[in-house]
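A look at the structure
If you want the building blocks of each chain, they are given just below.
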Amino acid sequence: MEATESPEVPTQCENVGEAMPDIAGYGILIGLSVQAFISLALSFWVFFLTKLGRLDIQHPEGTPGHASEKKRLGFVSDILMIGNDLQMITGVALIITAVTNGKEIDLYHLHLVYDTVSFVGISNAAALICWTFMGAKTPKKRHHQIAPSHWTGRFRVSYMFALLFLALTIFLEIRLDGWSLTSEEPGYCYVTTGISTPGASHPITDKAYVAVTAVWLLLVMFGALFCPAKFGKPLLILSFLQFPVHLYMMIRLRSENQGSLENKENENEWDFGQTTAIILLSIAVAQLIHQGVQYLKFERGIKKYGPEYALIEDADYLDAGTPSLVEQGIKGIREAAKLNLSNTRLERSQVEQEEESHELMRTPERRA
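Please read these numbers as outputs of a predicted model, since none were measured by experiment.

Once that is clear, we can look at the nonpolar core. Within soluble globular proteins, side chains that are nonpolar generally end up buried alongside one another. One finds Tyr108, Tyr114, Phe161, Phe165, Leu168 and Tyr190 to be the most contacted residues of the largest nonpolar core, which totals 85 residues. Counting residues per element, this core draws most heavily on helix α5 (residues 107-137), at 17 residues. Those residues in contact with Phe165 that lie beyond four places of it in its chain are Ile95, Tyr114, Val117, Ser118, Ala214, Leu217 and Leu218.

Rendered as structure tokens:
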């Protein structure tokens, strides 16, 4: 009697799972990764502006120089946070969708969600680091703050994202414990070609990758939220170095596993989720172009007309007016400043004369 042969154990995952375009569609992946890249690029731009002293407040309050410096700081601040809030909302929604699906979501898509939302944490950390830079440059107001500086709306959203990201990390680590190449049900493994060495042990390698990158990201976010501005440069570098790691993992993981999905043609269907992500990206790009044009216009005006340009930059006739009108407005501001200075000097002269007369009346013997 011949001995029955044991079934051969597969060396590669064959049952990856079903297509989920709302999580792994091109729109979702492109939308979040491109927004993250834009945010990182803007953060480095703000960082270099800070190092060059372009964002310093050097002139006293009430002067045209102070107005121009404050206006520049406001422009840069608005440009820095473009798309960040919308991206945070999208990332939070993606995490909640993945976690609430429980065991219905396969390991491949869960891992893909982890790498995709990491872009959100990276870009948010970089933006907050530069936000701290600019906060250090802004003159402190004397009035009492109702809410602490680390409990504003933007910081609260960052806290919520960090907690949800930690929950996603723990959930992914637990799901990886159920790794199986022989499971009859799909979704307990994924193709690892290109994301690990051929002889790597799974899921140990996968769990190590998730643990290291999660701790890395959470520490950078913690530093961006609470560390002073002097730690900004190393934190910004650590934040930027994570971007190519998750970008490579996201691209390679999707390209290797797409062909092994059930109904794989549905993975690229453009439905509500993908369309929304691209629309949000388009809004961010449009805001960047608009704010960039306004900033360049402001800098050209400052260079051409001087710091007084900042005092009329919001005037209604500026956008519709001609250069001659702008020059007339600036000339009027300068004449008003000279008049105020002359009045101040006149008032001081009158006060000095009155004080001198009063002193002479009190000591008549001096006149003799």
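With that settled, consider helix α9 (residues 272-305). With 34 residues, α9 extends 49 Å from end C-alpha to end C-alpha; this agrees with the ideal 50 Å at 1.5 Å per step. Of all the positions in α9, only Gly273, Gln274, Ala277, Leu280, Leu281, Ala284, Tyr295, Phe298, Glu299, Gly301, Ile302 and Tyr305 are classed as buried. Directly after α9, the chain includes Gly306, whose backbone phi takes a positive value near 95°.

Glancing now at the environment of Ile28. Locating Ile28 in the fold gives a position in helix α2 (residues 26-51). The class of Ile28 is buried, set by a relative accessible area of 6%. With near-sequence residues (within four places) excluded, Ile28 lies in contact with Pro21, Asp22, Ile23, Leu94, Gly273, Gln274 and Ala277.

In this section: the pattern of salt bridges. Within this structure, the stated rule accounts for four salt bridges. Between Lys207 and Asp177 there is a salt bridge, and its shortest N-O distance comes to 3.1 Å. Taken together, the residues Lys207 in helix α7 (residues 204-226) and Asp177 in the loop between α6 (153-176) and α7 connect sequence positions 30 residues apart. On the accessibility criterion, Asp177 (55% relative accessible area) is exposed. Residues participating in the shared-partner salt-bridge network are Glu173, Asp177 and Lys207.

Next up on the list: the packing of aromatic side chains. When we look at a pair of aromatic rings, we describe it by the centre distance and by the angle of the planes. Inspection of the entire model under this criterion finds 14 aromatic pairs. When the centroid spacing of 5.6 Å and the interplanar angle of 85° are considered together, the rings of Trp45 and Tyr295 count as edge-to-face. With a gap of 250 residues between them, Trp45 in helix α2 and Tyr295 in helix α9 connect regions that are remote in the sequence. You can call Trp45 partly exposed: its relative accessible area is 30%. With a centroid separation of 5.0 Å and 50° between ring planes, the pair formed by Phe222 and Phe226 is classed as tilted. Taken as a pair, Phe222 and Phe226 lie in helix α7 at a separation of four residues, close to a single helical turn. Classification of Phe222 by relative accessible area gives partly exposed; the value is 49%. Here the guanidinium or amino end of Arg254 rests over the ring plane of Tyr26, the centre of that ring lying 4.2 Å away.

Turning our attention to the state of the cysteines. Applying the stated criterion across every chain, the model contains one disulfide. Disulfide partner of Cys13: Cys189, at an S-S distance of 2.0 Å. Because the torsion about its S-S bond is 75°, the bridge between Cys13 and Cys189 counts as right-handed. One end of the pair, Cys13, is in the segment before α1 (21-24); the other, Cys189, is in the loop between α6 and α7, with 176 residues separating them in the sequence.

Now for the side chain of Asn124. By the secondary structure assignment, Asn124 is in helix α5. Overall, the relative accessible area of 0% leaves Asn124 in the buried class. In this structure, Asn124 is in contact with Asn84, Met88, Ser158 and Met221, ignoring residues within four places of it in sequence.

This brings us to the confidence of the model for the protein chain. With 77% of its residues at a pLDDT of at least 70, the protein chain reaches an overall mean of 79. The lowest-confidence element of the protein chain is helix α11 (residues 316-320), averaging 45 in pLDDT; the highest-confidence one is α7, averaging 94. Confidence over residues 315-321 falls short of pLDDT 50; this stretch has eight contacts with residues more than four positions distant or in other chains.

On to the environment of Ser118, then. Considering the arrangement of structural elements, one finds Ser118 in helix α5. In this structure the C-alpha to C-alpha distance between Ser118 and Thr213, which are 95 residues apart in sequence, comes to 8.9 Å. For Ser118, the contacting residues outside a window of four places in its chain are Phe165, Leu217 and His246.

A word on the side chain of Gln87. For Gln87, the position within the fold is in helix α4 (residues 84-100). A relative accessible area of 1% means that Gln87 is categorised as buried. Discounting residues that sit within four places of it in the chain, Gln87 has contacts with Leu32, Gln35, Ala36, Phe119, Val120 and Ser123.

Here the focus is the packing of α2 against α4. Close contact between α2 and α4 brings their axes to 11 Å; oriented N to C, the two are set at 140°. The angle between α2 and α4 falls in the class oblique. Classified by chirality, the crossing of α4 by α2 is left-handed. Contacts between α2 and α4 pair Ile28, Leu32, Gln35 and Ala36 from the former with Gln87, Thr90 and Leu94 from the latter. Residue composition of the contact of α2 with α4, grouped by class: four nonpolar, three polar and no charged.

Parameters and conventions
- Residues numbered from 1 in each chain as written.
- Predicted model: local features only at pLDDT ≥ 70, side-chain atom pairs only at ≥ 80, totals over all residues.
- Heavy atoms only, no water.
- Core = buried A, V, L, I, M, F, W, Y, C linked by side-chain atoms within 4.5 Å.
- Buried < 20%, exposed > 50% of the residue type's maximum accessible area, 1.4 Å probe, protein only.
- Helix = DSSP H or I, 4+ residues; strand = E, 2+ residues; numbered from the N terminus.
- Contact = heavy atoms within 4.5 Å.
- Expected span 1.5 Å × (residues − 1).
- Salt bridge = Lys/Arg side-chain N within 4 Å of Asp/Glu carboxyl O.
- Phe/Tyr/Trp six-rings, centres within 6.5 Å; stacked < 30°, edge-to-face > 60°.
- Lys NZ or Arg CZ within 6 Å of the ring centre and 35° of its normal.
- Disulfide = S-S within 2.5 Å.
- pLDDT = per-residue confidence, 0-100.
- Axes fitted to C-alpha atoms, helices over the stretch in contact; angles between N-to-C directions.
- Parallel < 35°, antiparallel > 145°, perpendicular 65-115°, else oblique.
- Left-handed = near helix turned anticlockwise from the far one by under 90°.
- Nonpolar A, V, L, I, M, F, W, Y, C, P; charged D, E, K, R; others polar.

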